[in-house]
Amino acid sequence: MINMAVLVSGGAGYIGSHTVIKLLEENHEVIIVDNLCNSSKEVVNRIIELSGKTPKFYEIDITDKEKMDKVFKENNIDSIIHFASLKAVGESVSMPIEYYSNNLITTLVLFELMKKYNVKNFVFSSSATVYGSPKTCPIKEDFPLSVTNPYGRTKLIIEDMIRDICYADKDLNIAILRYFNPIGAHKSGRIGEEPVGIPNNIMPYITKVAVGQLPYLNVFGNDYDTVDGTGVRDYIHVLDLAYGHVKALEKLDENPGLVTYNLGTGKGYSVLQLVEAFSKASNKEIPYKIAPRREGDIATCYADPSKAEKELGWKAKYGIEEMCEDSWRWQSNNPDGYEVKKFDEVAIDKE
């Protein structure tokens, strides 16, 4: 594969940062654009530390087309990987306007500038939420699409936009990657998932309980038709996911037009099974309380990832034990996340 200049929107975020490291390891030039609304500038420092290479970094909100135009003007961009979005199912139910505004406008700005600067390759970070509540599992890419929450609807609308745009412009090569539930962290323990505020995703919530920053885990619903009544999900290691994006970029070299892939392990674990696996990996008891079901949640969701294996040569290699071990290594080494305490910020008593 030829080396490319890849614009990574949301490249300081959880999945984005791991993907940036993988791209740099493969000798691609990387341009990160991130408004840091759910990440930290320190992430970029650690990307440099781990990769030994320095990506370009722009602290820009992608909805600002004028500033984004400058990014395209200053860089000879070959490809785009689009992560930047608001991404919490529960939050989207209470904040639909913010989700529609941010997730749709960022994507439109990128496509308008792709057209202006003749960029043809695009990888879209979609989600298994576009399958709604599937009638059967494992889920294949040709299953009917529907959604149960505003976050999922933004992803489905963007997918529909992409299908329309590709129909109008046959020169575009776009990979839609529908991923399931990313957890885990970099093996070094230097980068991982660190959401701003109370975590919406399960693993950072579990790890915050493990380090004593939250009292217990809320388990939303124990009356689903599953092995133990709690929701079953396909958890995938973030490193496997990052590699999936590199393989998708390689696929776009073949000029395939529009392609769609599930990125998952093909195995489902319940919330309580995940808690048990994490307790074993961390040697920490995770107290939990059963709470009412969350609006928009479904019972069971896991992938059939065979198409990605066949067409991309990609397969998830990490199991649930390593996902939990790596999540715990990250959180235990970084109990305050990316917060870097400087001497002049230390609180002192003043008269």
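Worth saying up front: this structure is predicted, and the values here are computed from it rather than measured.

Things to note about the overall build of the chain
Reasoning step 1: Scanning the chain from terminus to terminus reveals 11 helices and 14 strands.
Reasoning step 2: A compact globule built from 351 residues would reach a C-alpha radius of gyration of about 20 Å, and the chain, at 20 Å, matches this within 12%.
Reasoning step 3: Based on the C-alpha atoms only, the size of the chain along its principal axes is roughly 60 × 55 × 35 Å.
Reasoning step 4: Across the 351 residues in the chain, those meeting the buried criterion constitute 54%.
Reasoning step 5: Across the chain, the fraction of contacts at a sequence separation of at least 24, relative to all contacts at a separation of at least 6, is 79%.
Reasoning step 6: Carbon and sulfur atoms provide 49% of the accessible area of the chain, an area that totals close to 16,000 Å².

With respect to the sheet that holds strand β6 (residues 173–179)
Reasoning step 1: What the seven strands build is an open sheet, ordered β3-β2-β1-β4-β5-β6-β11; its pairing is parallel. With partners counted over all chains shown, the strands left at the sheet margins are β3 (56–58) and β11 (258–263), one partner each. Taking the axes of each pair of neighbouring strands and ignoring which way they run, one obtains an average angle of 20 degrees across the sheet.
Reasoning step 2: Pairing analysis gives four bridges linking strand β1 (residues 5–9) to strand β4 (residues 79–82), with the strands arranged parallel. By the bridge assignment for β4, V6 is matched with S79.

A word on the packing of aromatic side chains
Reasoning step 1: Per the counting criterion, the structure on display carries four aromatic pairs.
Reasoning step 2: Look at W330 and Y338: their rings are 4.9 Å apart centre to centre, the planes differ by 45 degrees, and that puts the pair in the tilted class.
Reasoning step 3: For W330, a relative accessible area of 2% corresponds to the buried category.
Reasoning step 4: Across from the ring centre of Y167, 4.2 Å away, lies the NZ or CZ of K170, which sits over that ring.
Reasoning step 5: Geometry around Y216 places K289 over its ring, the cationic atom sitting 4.3 Å from the centre.

Some points on the side chain of Q331
Reasoning step 1: Within the fold, Q331 resides in helix α11 (residues 320–333).
Reasoning step 2: At a separation of 2.8 Å, a polar atom in the side chain of Q331 contacts the side chain of T207.

Some points on the nonpolar core
For soluble globular proteins, the rule of thumb is that nonpolar side chains tend to be buried together.
Reasoning step 1: One finds L23, V123, L177, L249 and L263 to be the most contacted residues of the largest nonpolar core, which totals 39 residues.
Reasoning step 2: Contributions of two or more residues to this core are made by β1, α1 (14–25), β2 (29–33), α2 (41–51), β6, α8 (238–252), β11 and α10 (306–312).
Reasoning step 3: Not counting the four nearest positions on each side in its chain, V123 is found in contact with I80, I81, H82, A175, L177, H245, A248, L249 and L252.
Reasoning step 4: Core analysis: the second largest hydrophobic core is formed by 28 residues, M68, F72, I80 and A84 among them.

Considerations on the layout of surface pockets
Reasoning step 1: Quantified by volume, the second largest pocket comes out at close to 260 Å³.
Reasoning step 2: Residue lining of the second largest pocket: 14 residues in total, with K22, E25, L239, Y243 and Y318 positioned closest to the centre.

Some thoughts on the packing of helix α9 (residues 271–282) against α11
Packed helices, taken two at a time, are described by the angle between their axes plus the distance between the axes.
Reasoning step 1: In contact at an axis separation of 8 Å, α9 and α11 are set at 60 degrees when each is read in the N-to-C sense. Judged by the angle between their axes, α9 and α11 are oblique. For α9 against α11, the interelement crossing comes out right-handed. Contacts from L274, A277, F278, A281 and S282 of α9 reach α11 at I320, E321, C324, E325, S327 and W328.

Calculation notes
Residues numbered from 1 in each chain as written. Predicted model: local features only at pLDDT ≥ 70, side-chain atom pairs only at ≥ 80, totals over all residues. Heavy atoms only, no water. Helix = DSSP H or I, 4+ residues; strand = E, 2+ residues; numbered from the N terminus. Rg over C-alpha atoms; globule rule 2.2 N^0.38 Å. Buried < 20%, exposed > 50% of the residue type's maximum accessible area, 1.4 Å probe, protein only. Contact = heavy atoms within 4.5 Å. Areas by Shrake-Rupley, 256 points an atom, 1.4 Å probe, with all protein chains shown as cover. Pairing = 2+ DSSP bridges. Axes fitted to C-alpha atoms, helices over the stretch in contact; angles between N-to-C directions. Phe/Tyr/Trp six-rings, centres within 6.5 Å; stacked < 30°, edge-to-face > 60°. Lys NZ or Arg CZ within 6 Å of the ring centre and 35° of its normal. Polar contact = N/O pair within 3.5 Å; in protein donor to acceptor, adjacent residues only side chain to side chain. Core = buried A, V, L, I, M, F, W, Y, C linked by side-chain atoms within 4.5 Å. 1 Å grid on protein atoms, 1.4 Å probe; cavity = no way out; pocket = protein on both sides within 12 Å on 5 of 7 lines; lining within 4 Å. Points joined across faces, edges and corners; volume = space filled by probe spheres on them. Parallel < 35°, antiparallel > 145°, perpendicular 65-115°, else oblique. Left-handed = near helix turned anticlockwise from the far one by under 90°.

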